[in-house]
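Descriptive structure summary
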Amino acid sequence: RNSCKRIMLSTAVRSALPRASRLVRTAQPCASRFMSTENLKRTLVYDEHIKAGGVMVNFADYAMPVQYKDSDQAQSIIDSVKQVRTKAGLFDVSHMCSIRWRGKDAIKFVESVTVADIEGLPMGFGSLSLIPNDQGGIIDDTMITKTSDEKGDHIYQVVNAGCAPKDLKHFEEKLDKFGGDVSMEVQWDNRGLYAIQGPEAVNVMQRLAPTYDFKSMAFGQAANMTLDGMPAFVARCGYTGEDGFEIFVWEENAVKLWKLLVAQPEVFPSGLGARDTLRLEAGLCLYGHDIDDTTTPTSAGLSWTVGKARRAPGAAPFPGSDVILHQVKEGAKSCTEMRVGLVPEGAPAREGAEITTKDGEVIGRVTSGAVSPILKHNISMGYIKRPHNKSGNEVMVKVRGKSKPAKVVKMPFVPTKYYKPA
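Let me begin by describing the structure that accompanies this report.

About the thresholds
- Residues numbered from 1 in each chain as written.
- Predicted model: local features only at pLDDT ≥ 70, side-chain atom pairs only at ≥ 80, totals over all residues.
- Heavy atoms only, no water.
- Pairing = 2+ DSSP bridges.
- Helix = DSSP H or I, 4+ residues; strand = E, 2+ residues; numbered from the N terminus.
- Axes fitted to C-alpha atoms, helices over the stretch in contact; angles between N-to-C directions.
- Contact = heavy atoms within 4.5 Å.
- Phe/Tyr/Trp six-rings, centres within 6.5 Å; stacked < 30°, edge-to-face > 60°.
- Buried < 20%, exposed > 50% of the residue type's maximum accessible area, 1.4 Å probe, protein only.
- 1 Å grid on protein atoms, 1.4 Å probe; cavity = no way out; pocket = protein on both sides within 12 Å on 5 of 7 lines; lining within 4 Å.
- Points joined across faces, edges and corners; volume = space filled by probe spheres on them.
- Nonpolar A, V, L, I, M, F, W, Y, C, P; charged D, E, K, R; others polar.
- Polar contact = N/O pair within 3.5 Å; in protein donor to acceptor, adjacent residues only side chain to side chain.
- Core = buried A, V, L, I, M, F, W, Y, C linked by side-chain atoms within 4.5 Å.

The strand order around the closed barrel built from six strands is S14-S17-S16-S15-S18-S19, with neighbouring strands paired in antiparallel fashion. Neighbour-to-neighbour, the strand axes of this sheet turn through a mean angle of 40 degrees, independent of strand direction. Sheet analysis places strand S15 (residues 354–356) next to strand S18 (residues 394–399), joined by two bridges and oriented antiparallel. Pairing of threonine 356 across the sheet is with methionine 396, part of S18. On the sheet, helix H9 (residues 272–281) packs against strand S16 (362–372) and strand S17 (377–385) and is oriented at approximately 125 degrees with respect to S16.

In structure tokens form, the structure reads like this:
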């Protein structure tokens, strides 16, 4: 389906997995576990997921592991989250779509369809950005990096898997009207894209690229390098709140590099279940849940993604720029509701739960929720009408028909550890 899918990941996780760690058991036949995903698209390392006991689910029309069971690489979601927070976890994110924009007008075009200040972005650096619509809503969130390869300087972009079909269609429509020198090179199922995350990820990378100076590589920086003889494009980034790296590798080395990474002593493979909890602990949005095409950057707490040069008088417009720039200038007072963190009591408050005042007035909704393995208590994210969104406010959340107290808190829930050179 050519639209962003609202994937009920937390529901899938709760139905497929136990609450706590489980012991490694003798491998069992897996055909029955994966039958429902046999017609889905597969990443290049699908077979490696199966060998490692991956519990495969439908995620954006791809068969992706939610966790690993019944193998020597098995971990519960709780243990996988702890693995990433203390050592290193390896995620297959090849389902996401990579794009390279080339041509002398590439910067001008990409700035015309995002809120990024690419002109002012230093070479070799990237940042989270947004693809806005004409109403100021968010079509998708995206990573944009200014880089170079054997073909020359260009812009490297990654978009969400579920949104990629509509994103690409949107870009093609804009290209038809643009008329400048720019080309869109889509790289999707012909490459591997892996995220190694955690405090010991840098040790793994240094072992595989001993001549590269990772001490001087800041979070957000990217470079072409060789990992144990395999050419790769590596960005120091991730979506867990931890230090880490995203690795782009061509098809011919995709399986070999995955095997090499997962064989490192610091590393366990990690699935969608851990990834969802990690990003929530870090206060990061999941598209289709915490942000969508009706959410503006300011209401989502993402005004910082709008480059300063894009806010300047006379700056080139982008879709929805009148709405977005007005809200960025005026701040929260220009929005009726704001994204907040919540710490609810009782049962976890998950997506769709109503947020009310103590008098029962509905003032918001939960968009994501889980039990934090690190904090050992409930955490949720959602939108609350002003002025009830202030940190420290006591509200109520309806869970299973019962109202439970919750406190509005600042995010991230777990402090982020993005690396900065000394």
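Let us now look at the packing of aromatic side chains. Going through the model one piece at a time under the given rule, you end up with eleven aromatic pairs. With a centroid separation of 5.1 Å and 75 degrees between ring planes, the pair formed by tyrosine 156 and phenylalanine 233 is classed as edge-to-face. Of the two residues, tyrosine 156 is situated in strand S7 (residues 152–159) and phenylalanine 233 in strand S11 (residues 230–235); the sequence distance between them amounts to 77 residues. The buried category is assigned to tyrosine 156, whose relative accessible area is 4%.

Quantified by volume, the largest pocket comes out at close to 1,100 Å³. If you go around the largest pocket, you meet 47 residues; those closest to its centre are Leu128, Asp141, Gly238, Tyr239 and Leu284. Contributions of two or more residues to the lining of the largest pocket are made by strand S5 (126–132), strand S6 (138–149), S7, strand S9 (191–197) and H9. Among the elements that take part in the lining of the largest pocket, H9 stands out by supplying four residues, more than any other. Of the residues contributing to the lining of the largest pocket, the split by class is 27 nonpolar, twelve polar and eight charged.

Glancing now at the pairing of S7. With six of eight residues buried, S7 lies mostly within the body of the structure. Pairing between S6 and S7: eight bridges, direction antiparallel. When the bridges of S7 are listed, threonine 142 appears paired with valine 159.

Turning next to the environment of glutamate 111. With respect to the secondary-structure elements, glutamate 111 resides in helix H5 (residues 106–113). Since its relative accessible area comes to 13%, glutamate 111 is described here as buried. Separated by 205 residues in sequence, glutamate 111 and alanine 316 have C-alpha atoms that sit 8.3 Å apart. Here the side chain of glutamate 111 touches glutamate 119 through a polar contact of 2.9 Å, landing on its backbone nitrogen.

Attention now goes to the nonpolar core. Residues Ile196, Leu227, Phe245 and Ile247 are the most contacted members of the largest nonpolar core, which totals 30 residues. At the level of secondary structure, the elements contributing two or more residues to this core comprise strand S3 (88–92), S9, helix H7 (201–208), strand S10 (222–227), S11, strand S12 (244–250) and helix H8 (251–262). With residues near it in sequence (within four places) discarded, leucine 227 still touches Met205, Leu208, Ala209, Ala232, Val234, Ile247 and Leu257. Judged by nonpolar contacts, the second largest core, of 28 residues, contains Phe109, Ala116, Ile118 and Leu168.

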